[in-house]
Amino acid sequence: STATLESPINLKSMSLDCGKKPVQAQLARANSTQVVQFTTCELSSKELLLQPVIISRNDKEKVLIEGSINSVRVSIAVKQADEIEKILCHKFMRFMMMRAENFFILRRKPVEGYDISFLITNFHTEQMYKHKLVDFVIHFMEEIDKEISEMKLSVNARARIVAEEFLKNVSFSNSFTCKTLNKDDQELKYDFHCFLFFCCSSENEETRKNAFLLQSWPSLWSVHIRGDKL
Amino acid sequence: MAYHSFLLEPISCHAWNKDRSQIALCPNNHEVHIYKKDGTKWTKIHELKEHNGQVTGIDWAPESNRIVTCGADRNAYVWTLKEGTWKPTLVILRINRAARCVKWSPKENKFAVGSGSRLISVCYFEQENDWWVCKHIKKPIRSTILSLDWHPNNALLAAGSCDFKCRVFSAYIKEVEEKPGPTPWGSKMPFGELLFESGGSPAAAQTSGGSGGWVHSVCFSHSGNRLAWTSHDSTLCVSEGGKNGTLTSLSSETLPLLCVTFITENSLVAAGHDCFPVLFVYDGAKGSLTFGGKLDVPKQAAQKGISARERFQNLDRRASETQNTDKDLNTLHKNSISQISVLEGGRNQCTKFCTTGMDGGMGIWDVKSLESAMKDLKIV
């Protein structure tokens, strides 16, 4: 029905559903046939490769499925709307890819243009249920956006708390001009930047730590500053 | 239906002896194990250890009681039973890639091996030198041979390959047999002659988006006039030889089928990645191939009704009304079925067939009880 297709959430579930069949189909393949000495994932002939399939929601979020006679590579490009999401996604994926050995089906490096890649070989399908593998990949795609949003929220929340604590302990000397947010944001930010710069070489360790932290999160500078405290 | 779980590992390949009391199978490693039927149980009686690579094909010659095995180590062995143990004889196949499938010819004086070297080795025994000699069929094979089947006349050989084609070759070896008579597939049959080639090519598949696929399995009918093959694009094709040779194909909605066999001259059973066997019916007069039905009897799962609220929720979340979580496969086999073999009745009046798969299990299917269990199922 049209209502289902237009809803953005359902577009994603549609793509998840669409993703399931191709992934299932691609997971259907046999042992490697080109054996020199050991069975490898390297394929020497073009006819042993299947047509790659891309399922995309838009050009930033997509899934690439490349199949061959003995393996399937599923690469995911995750939605990254802003800087924080980019950093979070990058770190999250890196965390998992460094432990790819324990993951079995994860690839150490993502395919060019994507954020994470799975490599599922015939060995994996011999040891594990195929329908479970498919369910896992789909579940992964569902959860990844949720996790990154959650992480972003918690980062912002933590940074807000840190900024508040930091600014509670700080007293401005007279040589810095500070205006409230309502008047001139630009000047405030500029002066705040100088202020932080000096705080980074403060003798107080707490001040130093918090200053460094605040420097790396420019988006926090819109924290409400109470005039009398400063 | 009987199901026996042999192993946790996939069964790579299997073969039955003549009276179906013993089965030889490869438990996804370098060995071949022979099990003997003991009432309802199966006991392992032999372990054949000679290969250095995974055993990819086994065939048991019913009359001469010899087993031929081929493996990823590029070798084939012919095993003969001497004083209660199986003794291997190495066969030099002269291939530089893994062997993929092996089949005894109907008269058991030859066998053919398909390999990743893009050729078929047809081997016969040379009495003077007391060893197995092989001849190669190379042209025009462009990729790995995945499956082989002999025509009942002992001379023609069908081969399914990764270059998307199914072909019929002549494997007539003048040293061991008389010249065969003409068949609907052709009359001139020097060794290596190509008598039939199906359509489909990798290039066409790339451009037209998937017409054709790796040919996983080929099978001649009992008379030898019909040839069926399954392909990775989920199709089943049947071809009838002859001047008015026809080619019919059916795209099934299932995942690709890995194995197929005729159970009568008009009915075929195939199975593959969907984990259950399916029936197909071929009508020679009309030249049509139809889907006959799914042959698994699922366990009657407790069907709880879905409330309207759940329907809406599922629609919202998954764009489908039901929760197809498929926590458990409700089929006999829990993983892909890779091989199917006829147990009783031959290919024209099959009454029992056997399936083995990647779940390490073996299913024995009784055709009569299947017919009665599923209404609308007709095996013609």
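Residues numbered from 1 in each chain as written. Chains lettered and ligands numbered in written order. Predicted model: local features only at pLDDT ≥ 70, side-chain atom pairs only at ≥ 80, totals over all residues. Heavy atoms only, no water.

A. Up close: the overall build of chain B. Looking only at helices and strands, chain B has three helices and 28 strands in total. For chain B, the share of sequence-separated contacts (at least 6 apart) that also reach a separation of at least 24 residues comes to 49%. When the accessible surface of chain B is totalled, it reaches about 16,700 Å², and 49% of it is carbon and sulfur. (Helix = DSSP H or I, 4+ residues; strand = E, 2+ residues; numbered from the N terminus. Contact = heavy atoms within 4.5 Å. Areas by Shrake-Rupley, 256 points an atom, 1.4 Å probe, with all protein chains shown as cover.)

B. Expanded view of the environment of glutamate 50 of chain B. All names here are of chain B. Take glutamate 50: it is sitting in the loop between strand S5 (41-49) and strand S6 (55-61). What makes glutamate 50 partly exposed here is its relative accessible area of 36%. Each C-alpha atom of the pair glutamate 50 and tyrosine 124 lies 21 Å from the other, and the pair is 74 residues apart in sequence. If we ignore the near neighbours within four places in the chain, the residues touching glutamate 50 are Tyr77, Trp79 and Pro88. (Buried < 20%, exposed > 50% of the residue type's maximum accessible area, 1.4 Å probe, protein only.)

C. Main features of the environment of threonine 248 of chain B. Residue and element names in this part refer to chain B. You can see threonine 248 is positioned in strand S21 (residues 246-251). Between the C-alpha atom of threonine 248 and that of histidine 33, which follows or precedes it by 215 residues, the distance is 39 Å. With near-sequence residues (within four places) excluded, threonine 248 lies in contact with Leu236, Cys237, Val238, Tyr282, Gly287, Ser288 and Leu289.

D. Summary view of the pairing of strand S19 (residues 226-231) of chain B. Residues and elements named next belong to chain B. The buried fraction of S19 is high, at six of six residues. Alternating residues of S19 divide into Arg226, Ala228 and Thr230 and Leu227, Trp229 and Ser231, and every residue in both groups is buried. One ladder, built from five bridges, connects strand S18 (residues 215-220) with S19; its direction is antiparallel. Across the sheet, residue valine 218 finds its bridge partner in S19, namely tryptophan 229. In textbook terms, the turn of a hairpin is the stretch between consecutive antiparallel strands, and for S18 and S19 this stretch comprises five residues, one of which, glycine 224, has a positive phi near 90°. Pairing of S19 with strand S20 (residues 235-240) involves six bridges; the strand directions are antiparallel. In the strand pairing of S20, arginine 226 is matched with glutamate 240. (Pairing = 2+ DSSP bridges.)

E. Main features of the pattern of salt bridges. Residue and element names in this part refer to chain B. Inspection of the entire model under this criterion finds 18 salt bridges over all chains. Of the charged contacts, one joins aspartate 149 and arginine 347 as a salt bridge, the two residues approaching to 2.9 Å between their closest N and O atoms. Of the two residues, aspartate 149 is situated in strand S14 (residues 145-150) and arginine 347 in the loop between strand S26 (337-344) and strand S27 (352-357); the sequence distance between them amounts to 198 residues. Judged by relative accessible area, aspartate 149 falls into the buried class, the value being 4%. Residue arginine 347 is classed as partly exposed on the basis of its relative accessible area of 24%. If you follow the salt bridges from partner to partner, you end up with Glu31, Lys44, Glu47 and Lys49 in one network. (Salt bridge = Lys/Arg side-chain N within 4 Å of Asp/Glu carboxyl O.)

F. Local environment of the packing of aromatic side chains. Here the structure, examined in full by the defined rule, presents 18 aromatic pairs over all chains. Where tyrosine 77 of chain B meets tryptophan 79 of chain B, the ring centres are 6.2 Å apart and the plane angle is 50°; that geometry is what we call tilted. One exposure class covers both tyrosine 77 of chain B and tryptophan 79 of chain B, and it is buried. For the pair tryptophan 185 of chain B and phenylalanine 220 of chain B, a centre-to-centre distance of 6.0 Å together with 80° between the ring planes defines the contact as edge-to-face. Separated by 35 residues along the polypeptide, tryptophan 185 of chain B in the loop between strand S16 (166-170) and strand S17 (194-197) and phenylalanine 220 of chain B in strand S18 bring together distant segments of the chain. Residue class for phenylalanine 220 of chain B comes out buried when judged on its relative accessible area of 0%. Here the aromatic cluster, defined as three or more aromatic residues joined through ring pairs, consists of Phe103, Phe118, Phe136 and Phe140 of chain A. Positioned above the aromatic ring of phenylalanine 95 of chain A, the side-chain terminus of arginine 99 of chain A is 3.9 Å from the ring centre. Across from the ring centre of phenylalanine 191 of chain B, 5.4 Å away, lies the NZ or CZ of lysine 135 of chain B, which sits over that ring. (Phe/Tyr/Trp six-rings, centres within 6.5 Å; stacked < 30°, edge-to-face > 60°. Lys NZ or Arg CZ within 6 Å of the ring centre and 35° of its normal.)

G. Summary view of the UniProt feature "repeat: WD" (unreviewed entry) in chain B. Look at the UniProt record and you will see "repeat: WD" (unreviewed entry) annotated at residues 48-89 of chain B. Annotated as 0% helix and 64% strand, the span residues 48-89 of chain B places its first and last C-alpha atoms 12 Å apart. (UniProt positions renumbered as here; feature names shortened; annotations may be inferred.)

H. Highlighting the nonpolar core. Ranked by internal contacts, the top residues of the largest apolar core, which has 29 residues, are Ile76, Met93, Met96 and Ile116 of chain A. Of all the secondary structure elements, the ones that give two or more residues to this core are strand S2 (62-67), strand S3 (71-77), helix H3 (83-98), strand S4 (116-121) and helix H6 (130-169) of chain A. Examining the composition of this core, we find that nine residues originate from one element, H6 of chain A, more than from any other. When near neighbours in sequence (up to four residues on either side) are disregarded, isoleucine 116 of chain A contacts Val74, Ser75, Ile76, Met93, Met96, Met97, Leu106, Pro110 and Phe140 of chain A. Membership of the second largest hydrophobic core comes to 17 residues, among which are Ala61, Val68, Ala99 and Val113 of chain B. (Core = buried A, V, L, I, M, F, W, Y, C linked by side-chain atoms within 4.5 Å.)

I. Broad picture of the confidence of the model for chain A. All names here are of chain A. Mean pLDDT for chain A: 69, with 57% of residues reaching 70 or above. Every residue in residues 172-184 scores below 50 in pLDDT, and together they form 16 contacts with partners more than four places removed in sequence or on other chains. Ignoring residues within four places in sequence, the model shows residues 222-230, a span with pLDDT below 50, making nine contacts including any to other chains. (pLDDT = per-residue confidence, 0-100.)

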